[in-house]
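Given next are the chains, with one letter for each unit.
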Amino acid sequence: MAAWLAGILFVSPVLWMALTSFHSEANAATNPPSLTASLTLDSYREFFGLDGGASPWPSLINSTTASVVSTLLTLLLALPAAYALSIRPVKKWTDVLFFFLSTKMLPVVAGLLPVYLFAKNAGLLDNVWALVVLYTAMNLPIAVWMMQSFLSEVPIAVIEAAQIDGARLPTVLGRVVAPIALPGIAATALICFIFSWNELLFARVLTGVVAETAPVFLTGFITSQGLFLAKVCAASLVISLPVLAAGFAAQDKLVQGLSLGAVK
């Protein structure tokens, strides 16, 4: 009962946001709000630009490109790094892990100006590939930390058997280590995807019109004329759907990955 109550408590704001998105702006702005107000799809029509407004598809495509590509690059870089820190540990591997973690200690806003100046001088402002590189660098420390703990549970005997059969390092990583650690890799990929999809600060500063992401597009509904609550709720729900769908599709792998090594 306590778990059900906690679940209802956490999901109730999302359900309220979904209900508000189907209300008109006048009904959404009432205080106290009305549960029995008439339902309408006007907010979704305006979000998708069916009434002459801006289309969200370029922003959604930019977010998908930046999130998916950066997640794949992060996994490709984190897997051999985690292998070197767990299965074949380098000297002082704990210091290496601390160095990776220390890169996350700098406040994000403190690195905003240097990153902006670098992107400006390199001609990468309003470029989605600049976000790909940035998101890869931001997620890489977390990915290495997570995958190092997952790969440490891979039996060394299996890897040594593959090496005796003549398998080289790329084969060992791709055909031996990766299938065994697949739940952990899936959990890492999902977390990196969520972090990339939800990132707003750098996307807001480094992009303009061409590379605008979905969270930046969402902030456009908050104007000097006021807060269009129903439109914001509709946009928030649509933009959250890819993350919710990915989490639902990979929930079994996510649970296995997060609990990998917890039970001996």
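All of the points below concern the structure found in this document. Only a predicted model underlies this, so the values are computations on that prediction, with no experimental measurement involved. (Residues numbered from 1 in each chain as written. Predicted model: local features only at pLDDT ≥ 70, side-chain atom pairs only at ≥ 80, totals over all residues. Heavy atoms only, no water.)

### Digging into the overall build of the chain
Within the chain, the regular secondary structure consists of 14 helices and 2 strands. Going through the 264 residues of the chain one by one, you find that 38% of them count as buried. Contacts in the chain between residues at least 24 apart in sequence constitute 75% of all its contacts with a sequence separation of at least 6. About 15,000 Å² of surface is accessible on the chain, with carbon and sulfur atoms providing 71% of the total. (Helix = DSSP H or I, 4+ residues; strand = E, 2+ residues; numbered from the N terminus. Buried < 20%, exposed > 50% of the residue type's maximum accessible area, 1.4 Å probe, protein only. Contact = heavy atoms within 4.5 Å. Areas by Shrake-Rupley, 256 points an atom, 1.4 Å probe, with all protein chains shown as cover.)

### Remarks on the nonpolar core
Membership of the largest hydrophobic core comes to 28 residues, with the highest contact counts inside it found for Y83, L151, I159 and V177. If you list the elements that add at least two residues to this core, you get α4 (57-86), α5 (93-102), α7 (128-151), α8 (156-164), α9 (169-180) and α10 (182-198). If sequence neighbours within four positions are ignored, I159 has contacts with Y83, I87, R88, V154, V172, V176 and V177. In terms of nonpolar packing, the next biggest core, distinct from the first, is built from 19 residues, W197, F217, L218 and I239 among them. (Core = buried A, V, L, I, M, F, W, Y, C linked by side-chain atoms within 4.5 Å.)

### Observations regarding the layout of surface pockets
Here the largest pocket defines a volume of roughly 300 Å³. Lining the largest pocket are T103, K104, L106, P107, V108, G111, V115, L134, A137, M138, P141 and F202. With 4 residues, α7 is the largest single contributor of residues to the lining of the largest pocket. Partitioning the lining of the largest pocket into residue classes produces 9 nonpolar, 2 polar and 1 charged. (1 Å grid on protein atoms, 1.4 Å probe; cavity = no way out; pocket = protein on both sides within 12 Å on 5 of 7 lines; lining within 4 Å. Points joined across faces, edges and corners; volume = space filled by probe spheres on them. Nonpolar A, V, L, I, M, F, W, Y, C, P; charged D, E, K, R; others polar.)

### Overview of the side chain of T20
As for its position among the elements, T20 is in helix α1 (residues 2-21). Contact partners of T20, with chain neighbours within four places excluded, come to A28, L229, A230 and C233.

### Regarding the pattern of salt bridges
Counting across every chain of the model gives 1 salt bridge. Between K231 and E46 there is a salt bridge, with its nearest N and O atoms 2.6 Å apart. Remark: E46 occurs in helix α3 (residues 42-47) and K231 occurs in helix α13 (residues 229-249); sequence separation between them is 185 residues. On the basis of relative accessible area, K231 is assigned to the buried category, the value being 16%. (Salt bridge = Lys/Arg side-chain N within 4 Å of Asp/Glu carboxyl O.)

### Some points on α4
For α4, which comprises 30 residues, the first-to-last C-alpha distance of 42 Å matches the rise-based estimate of 44 Å (1.5 Å per residue) to within 8%. Maximum bend of α4: about 25 degrees, positioned at A78, with proline P80 one to four residues after it. (Expected span 1.5 Å × (residues − 1). Bend = angle between axes of the 7 residues up to and from the residue.)

### Remarks on the environment of W4
Here W4 is to be found in helix α1. For the pair W4 and L60, spaced 56 residues apart in sequence, the C-alpha to C-alpha distance is 34 Å.

### Notes on the packing of aromatic side chains
One pass over the full model with this rule turns up 6 aromatic pairs. Ring geometry for F22 versus Y44: centroids 5.1 Å apart, planes at 40 degrees, classification tilted. One end of the pair, F22, is in the loop between α1 and α2 (25-28); the other, Y44, is in helix α3, and 22 residues separate them in sequence. Judged by relative accessible area, F22 falls into the partly exposed class, the value being 29%. A residue is classified by how much of its surface remains accessible, and Y44, at 12% relative accessible area, is buried. A cation over a ring is seen here: K231 above F228, with NZ or CZ 4.4 Å from the ring centre. (Phe/Tyr/Trp six-rings, centres within 6.5 Å; stacked < 30°, edge-to-face > 60°. Lys NZ or Arg CZ within 6 Å of the ring centre and 35° of its normal.)

### Structural notes on empty space enclosed by the protein
This model, assessed by the stated rule, comprises 1 cavity of 30 Å³ or more. When its volume is computed, the largest cavity comes out at roughly 30 Å³. Lining the largest cavity, in full, are S63, A66, S67, Y135, S196, W197, E199, T213 and P215. When contributions to the lining of the largest cavity are tallied by element, the ones reaching two or more residues are α4 and α10. By residue number, the principal contributor to the lining of the largest cavity is α4, which donates 3 residues. Tallied by class, the residues present in the lining of the largest cavity amount to 4 nonpolar, 4 polar and 1 charged.

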